Amino acid sequence: MMKQVKSNILRLYIIKISKWLMLTMPIVFLFYRENGLATQDLFVLKAVYSASIVIMEVPSGYFGDMWGRKKSLILGSCLGFLGFLLYSFSSGFWGFLLCEIVLGVGQSFISGSDSAILYDTLLWADKEKQYLKIEGRLISLGNFAEAIAAPIGVLLAAVSLRTTFYCQTLVAFSAIPAALYLFEPHKIKKSQQRAVGHIFSIINYALVQNRALKWNIIFSSVMGTATLTMAWFVQPYLVFISIPLALYGVIIPILNMTTGITAMHAHRLEKKMGMTWTVFFIAASIGCGYIGLGLCHTAWGVLALCFFYVFRGIATPVLRNYINEITPSEIRATVLSVRSLAIRLSFVFVGPVIGWQADISGVPYTLYISGALVLLAGGWSALMLVREQKEKGEIPHLIKDVQI
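A. Main features of the pattern of salt bridges. Taken as a whole, this structure holds 2 salt bridges when the rule is applied. Taking the shortest distance from any N to any O, the salt bridge between Glu-388 and Arg-211 comes out at 3.1 Å. With a gap of 177 residues between them, Glu-388 in helix H15 (residues 363–392) and Arg-211 in helix H11 (residues 211–240) connect regions that are remote in the sequence. According to the relative accessible area criterion, Arg-211 is partly exposed, its value standing at 31%.

Laid out in structure tokens, this is it:
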């Protein structure tokens, strides 16, 4: 049993690396320019990628629940490989557009099913209490991979920009054999393969019937949107505090490694503080992190960014674990996909407004307002989460206990 658990964890590590070792990230705009695209095309293509994930996020999670998380991960890994293979031989906007759609759909089939199969593997072996620690390590590994990918991608681009995409294709391929040899801890019964309309019953259960789960998803989505927004706000902030462009390749990997190291130890902090204090700590830290960055107008802001990424490293594995603990195994991937969908949809609306506000009112004012909103929304949803958890106590894990 333990051999199967360890092999699953190892293969999930490989899948995580294949998705986060993004060699193309630092040179993708140069690659687009080499192929005749403009700046606007860059944002259009990335918007299409996000839209593909949003559209497929919940259906792909439902696919994982009904037909198997392993099958979902195999499909997602194959599409990831196909997307970069197409990129390697494409040379225009429409070709790149197809690549982004394929990559977005592929990512949606991995999102949710990876965490679900990890939790169910540990649950099958009566080791579910180790989930937070292992999920933290997975997040750490992803951040470490992202940190080292940038300099490697730049070195490969010295040969040619397309060489970076060739190598990225090989990295993406590594996920396929890892997914193929995953162990599925629970057999998917035919009786569970219901009509597609069943997906709406699951969403209703997660966001209406199970109030504790509902507030976990809402709070996690608020914090997830806040940290995702900051991830895209880092470069404008570095410009604001006059950091030389040459240092970006050092600072951004350091930030990712900070999150990775913190995520590895998040389970220890949560164990010491308990759920109530941890939830309020996360909300306060991320909200005050925005305000603190707004107060730093010099290079000391880099240190403030590092602290923010510490809080990010704590929030992600802890909040994902809280959702897993009260979600029935049969619908785990779908529920996790609902969380991811909520974060991405929120960012679709919040992101452009934050960028527009920064252009109009400046970076500090935007950070102050954002921090205040995060404190308000985070504090309120944290309060509701803790209150609901205390009122309900243990939430039944068996699907038969709820009407879905």
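B. Representation of helix H4 (residues 69–89) in the model. In this model H4 runs 31 Å from its N-terminal to its C-terminal C-alpha over 21 residues, within 8% of the 30 Å that 1.5 Å per residue would give. Three or more residues of H4 are buried, namely Arg-69, Ser-72, Leu-73, Ile-74, Gly-76, Ser-77, Leu-79, Gly-80, Gly-83, Phe-84, Tyr-87 and Ser-88.

C. Representation of the confidence of the model for the chain in the model. Mean pLDDT over the chain stands at 84; residues scoring 70 or higher make up 91%. Confidence, expressed as mean pLDDT per element, reaches its minimum in the chain at helix H3 (residues 39–67) with 79 and its maximum at helix H9 (residues 175–180) with 96. Ignoring residues within four places in sequence, the model shows residues 188–193, a span with pLDDT below 50, making 10 contacts including any to other chains.

D. Molecular detail of the nonpolar core. The biggest cluster of nonpolar side chains holds 42 residues, and the ones touching the most others in it are Phe-219, Ile-282 and Ile-286. Contributing elements (two or more residues each) for this core: H11, helix H12 (248–295), helix H13 (301–325), helix H14 (332–361) and H15. When residues of this core are assigned to their parent elements, the largest contribution, 12 residues, is made by H13. With sequence-adjacent residues up to four places away left out, Ile-286 is seen in contact with Met-223, Ala-226, Thr-227, Phe-308, Phe-311, Ala-315 and Val-374. Ranked by size, the runner-up nonpolar core spans 20 residues in total, among them Tyr-62, Ala-206, Leu-213 and Ile-217.

E. Local environment of the environment of Leu-207. Along the polypeptide, Leu-207 turns up in helix H10 (residues 198–209). Leu-207 gets classed as partly exposed once you look at its relative accessible area, which sits at 32%. Measuring from C-alpha to C-alpha, the distance between Leu-207 and Val-338 comes to 9.1 Å, with 131 residues separating the pair along the chain. Every residue in contact with Leu-207, bar those within four places of it in the chain, is listed here: Lys-214, Ile-217 and Val-338.

What counts and what doesn't
Residues numbered from 1 in each chain as written. Predicted model: local features only at pLDDT ≥ 70, side-chain atom pairs only at ≥ 80, totals over all residues. Heavy atoms only, no water. Salt bridge = Lys/Arg side-chain N within 4 Å of Asp/Glu carboxyl O. Helix = DSSP H or I, 4+ residues; strand = E, 2+ residues; numbered from the N terminus. Buried < 20%, exposed > 50% of the residue type's maximum accessible area, 1.4 Å probe, protein only. Expected span 1.5 Å × (residues − 1). pLDDT = per-residue confidence, 0-100. Contact = heavy atoms within 4.5 Å. Core = buried A, V, L, I, M, F, W, Y, C linked by side-chain atoms within 4.5 Å.

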